[in-house]
Amino acid sequence: MNRLWIRVLFLICAAYDFLIGMAFLTSGPALFDQYNVPPPNHWGYIWFCCLMLMIFGLMFLAVAIRPVANRNLIPYGMLLKLAYVGITGYFWITEGIPWVFKPFLFIDAAMLAGFVWAFVTLMSERQQQ
């Protein structure tokens, strides 16, 4: 039953990261304008991050398809989520951030918790074998 929930978790995370990356890649300027976010001095900074999110989305899909075989990828997902939560949280506290990025912090924190649970679960299953 745990593996089913792990698959669902990573399938949701795959879609979430891939679609957010795709949205900002294809509509970044419009999204920044809509939410009154000052644009960067070069869109390449944003596009690179978008492509990285899409790549991580594909990696999460690989975990969803074969959680046991690809459990070694989960720590990289944990680091991605920790990086976003840490950086966004720090700047929210110290300088403030546009409100559009705040929900992502909470969603990514929940995903981080889910990734930790999935990794611990898969590693404990492995040790029991």
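Use the structure listed above.
An account of the accompanying structure is given in this report. (Residues numbered from 1 in each chain as written. Predicted model: local features only at pLDDT ≥ 70, side-chain atom pairs only at ≥ 80, totals over all residues. Heavy atoms only, no water.)

Attention shifts here to the overall build of the protein chain. Along the protein chain, the regular secondary structure elements total 4 helices and 0 strands. For the protein chain, the α and β elements follow one another from N to C terminus as α-α-α-α. If you line up the protein chain on its principal axes, its C-alpha atoms span 55 × 30 × 20 Å. Considering the protein chain as a whole, with its 129 residues, one finds that 36% of them fall into the buried category. Approximately 7800 Å² of the protein chain is accessible, and the part contributed by carbon and sulfur atoms is 72%. The distance from the centre of the 7 positive side-chain charges to the centre of the 5 negative ones in the protein chain is 17 Å. (Helix = DSSP H or I, 4+ residues; strand = E, 2+ residues; numbered from the N terminus. Buried < 20%, exposed > 50% of the residue type's maximum accessible area, 1.4 Å probe, protein only. Areas by Shrake-Rupley, 256 points an atom, 1.4 Å probe, with all protein chains shown as cover. Lys, Arg positive; Asp, Glu negative; His and termini not counted. Charge placed at Lys NZ, Arg CZ, Asp CG, Glu CD.)

Looking now at helix 4 (residues 102-128). Helix length check: helix 4 (27 residues) gives 40 Å between terminal C-alpha atoms against 39 Å at 1.5 Å per residue, within 8%. For helix 4, every residue scored as buried is listed here: Phe104, Leu105, Asp108, Met111, Leu112, Gly114, Phe115, Ala118, Thr121 and Leu122. Looking at the packing, one finds that the buried side of helix 4 touches helix 1 (2-34), helix 2 (44-65) and helix 3 (74-94). (Expected span 1.5 Å × (residues − 1). Contact = heavy atoms within 4.5 Å.)

The next point concerns the nonpolar core. As a rule of thumb, nonpolar side chains are buried together in soluble globular proteins. Counting residues in each nonpolar core, the largest one holds 29 residues, and the members touching the most others are Phe10, Phe60, Ile74 and Phe115. Looking at this core, the elements that each hand over two or more residues are helix 1, helix 2, helix 3 and helix 4. Considering each element in turn, this core owes the most residues, 10 residues, to helix 1. When neighbours within four sequence positions are excluded, phenylalanine 60 is seen to be in contact with Phe10, Cys13, Ala14, Asp17, Gly77, Leu80, Lys81 and Phe115. (Core = buried A, V, L, I, M, F, W, Y, C linked by side-chain atoms within 4.5 Å.)

Applying the stated criterion across every chain yields a total of 3 salt bridges. With a shortest N-O distance of 3.4 Å, lysine 81 and aspartate 108 are connected by a salt bridge. Of this pair, lysine 81 sits in helix 3 while aspartate 108 sits in helix 4, and the two are 27 residues apart along the sequence. Residues lysine 81 and aspartate 108 agree in their burial class; the two are buried. Through salt bridges with shared partners, one network takes in Asp17, Lys81 and Asp108. (Salt bridge = Lys/Arg side-chain N within 4 Å of Asp/Glu carboxyl O.)

Note that all results are geometric; they support no functional claim without further evidence.
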